[in-house]
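Structural description and commentary
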Amino acid sequence: MTAAPTIAGWRHVSSGKVRELYVPADTADVAGATELLLVASDRVSAYDFALEPPIPGKGELLTRLSRFWFTQLGDVPNHLLAPSATSTPVPESVAARAMHVMPLTMFPVECVVRGYLVGSGWAEYRQSGSVCGVPLPAGLTEGDRLPEPIYTPAYKAPQGEHDENISYERTVELVGEDVAATLRDLSLHVYAEAAAIALQRGVVIADTKFEFGHDAAGQIRIGDEVLTSDSSRYWDARATGAGDRTESFDKQIVRNWLSDHWDKQGTPPVLPDEIVERTAARYRELIERLGA
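Residues numbered from 1 in each chain as written. Predicted model: local features only at pLDDT ≥ 70, side-chain atom pairs only at ≥ 80, totals over all residues. Heavy atoms only, no water.

1. Quick look at the confidence of the model for the protein chain
When pLDDT is averaged along the protein chain, the result is 93; 97% of the residues meet or exceed 70. Within the protein chain, no element has a lower average pLDDT than helix 6 (residues 237-241), which sits at 85, and none a higher one than helix 5 (residues 177-200), at 98. (pLDDT = per-residue confidence, 0-100. Helix = DSSP H or I, 4+ residues; strand = E, 2+ residues; numbered from the N terminus.)

This is the structure we're talking about:
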């Protein structure tokens, strides 16, 4: 993995599969910070691995998408900070792929909402007729729109480990009844609102995942990214209506290539140039479609 860039006024504290986290240079650690800088790299991940090579421009595109959706979803609190006279400046060199945010205490739950039957949900439905314990009508086929969106949370495992699908009851055990209900209701609300906006622009959001935390005052906010091509499945609405779910605007191109060329043992193979270029092009097209 390429070393995190040095950013004037900020100190690097941790790396994720895709993002780098910084605190102000005069702050000891995240626990003592009142502001953070979340910088998206061009790295791409799949099946819990960071892949090579990166997707050119991906970090800027993902950041642009998150900012777009945070603006569209103004009725839901998020972690963005408005610049002020006392905030640490964000250098122009990273501004396009950086989000200046407040620290949140994150809940250990990935809030997944599925509007269509695809991916691991389709595999589970074929075996049990349900998805993450949520029963669904018989006779559905891959890619079908669900009668209504369903909330299927996952336990957010420590970095390097696999997330685990969990029941709603388990989320109550993890975060308490009131918070569990709030996370569920907010997730379904955000998905419904975003899906309607996207559909007006000819794009289907098949599924997505959110992460929430609370600020120092206890306010629950969306954190990390929101509705990006990394955290969501985006489809072309016209193709979807005709039964074609291959016209995606996300990293499904990468997943499909890996599934065909890797047995998920050991180190993933290097992505060919053609896959990198196609993925970058689809990311850019989604930005254009949404008007982000």
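2. Topic: empty space enclosed by the protein
Enumeration over the complete set of coordinates arrives at one cavity of 30 Å³ or more. Its boundaries defined by the atoms lining it, the largest cavity holds a volume of some 30 Å³. What lines the largest cavity is simply Arg19, Leu38, Val39, Ala40, Leu62, Thr63, Ser66, Arg97 and Met99. Secondary-structure elements contributing two or more residues to the lining of the largest cavity are strand 3 (36-40) and helix 1 (58-72). Here the lining of the largest cavity is built from residues that sort into five nonpolar, two polar and two charged. (1 Å grid on protein atoms, 1.4 Å probe; cavity = no way out; pocket = protein on both sides within 12 Å on 5 of 7 lines; lining within 4 Å. Points joined across faces, edges and corners; volume = space filled by probe spheres on them. Nonpolar A, V, L, I, M, F, W, Y, C, P; charged D, E, K, R; others polar.)

3. Considerations on the pairing of strand 15 (residues 220-223)
What you see with strand 15 is no split at all: Ile220 and Ile222 on one side and Arg221 and Gly223 on the other are buried throughout. Direction of pairing for strand 14 (residues 203-214) relative to strand 15: antiparallel, over a ladder of four bridges. In the sheet register, Phe212 faces strand 15, and the bridge partner there is Ile222. (Buried < 20%, exposed > 50% of the residue type's maximum accessible area, 1.4 Å probe, protein only. Pairing = 2+ DSSP bridges.)

4. Regarding the nonpolar core
Trp69, Phe212, Leu227 and Tyr234 are the most contacted members of the largest nonpolar core, which totals 52 residues. Looking at which element gives the most residues to this core, the answer is helix 5, with 10 residues. Core analysis: the next-biggest nonpolar cluster, separate from the first, contains 13 residues, Ile253, Trp257, Ile275 and Ala280 among them. (Core = buried A, V, L, I, M, F, W, Y, C linked by side-chain atoms within 4.5 Å.)

5. Some thoughts on the pattern of salt bridges
One pass over the structure, following the stated rule, counts 15 salt bridges. As a salt-bridge pair, Glu225 and Arg19 come within 2.7 Å of each other at their nearest N and O atoms. Linking Glu225 in the loop between strand 15 and strand 16 (232-236) with Arg19 in strand 2 (residues 19-24), this pair joins segments that are 206 residues apart in sequence. Residue Glu225 shares its accessibility class with Arg19, and that shared class is buried. Among the salt bridges present, the one from Arg184 reaches Asp185, with a minimum N-O distance of 3.0 Å. Judged by its relative accessible area of 26%, Arg184 falls in the partly exposed class. The exposure class assigned to Asp185 is partly exposed, which follows from its relative accessible area of 42%. Salt bridges here are not isolated pairs; linked through shared partners, they connect Glu110, Lys156, Lys209 and Glu211. (Salt bridge = Lys/Arg side-chain N within 4 Å of Asp/Glu carboxyl O.)

6. Observations regarding the packing of aromatic side chains
Considering all chains together, one arrives at five aromatic pairs under this definition. On the numbers, 5.5 Å between centres and 70° between planes, the contact of Tyr116 with Trp235 is edge-to-face. Of this pair, Tyr116 sits in strand 8 (residues 109-116) while Trp235 sits in strand 16, placing them 119 residues apart in sequence. A single burial state applies to Tyr116 and to Trp235, both of which are buried. On the numbers, 6.1 Å between centres and 25° between planes, the contact of Trp122 with Tyr125 is stacked. Of this pair, Trp122 and Tyr125 both sit in helix 3 (residues 120-128), three residues apart, which is roughly one turn of that helix. Across from the ring centre of Tyr47, 4.1 Å away, lies the NZ or CZ of Lys264, which sits over that ring. (Phe/Tyr/Trp six-rings, centres within 6.5 Å; stacked < 30°, edge-to-face > 60°. Lys NZ or Arg CZ within 6 Å of the ring centre and 35° of its normal.)

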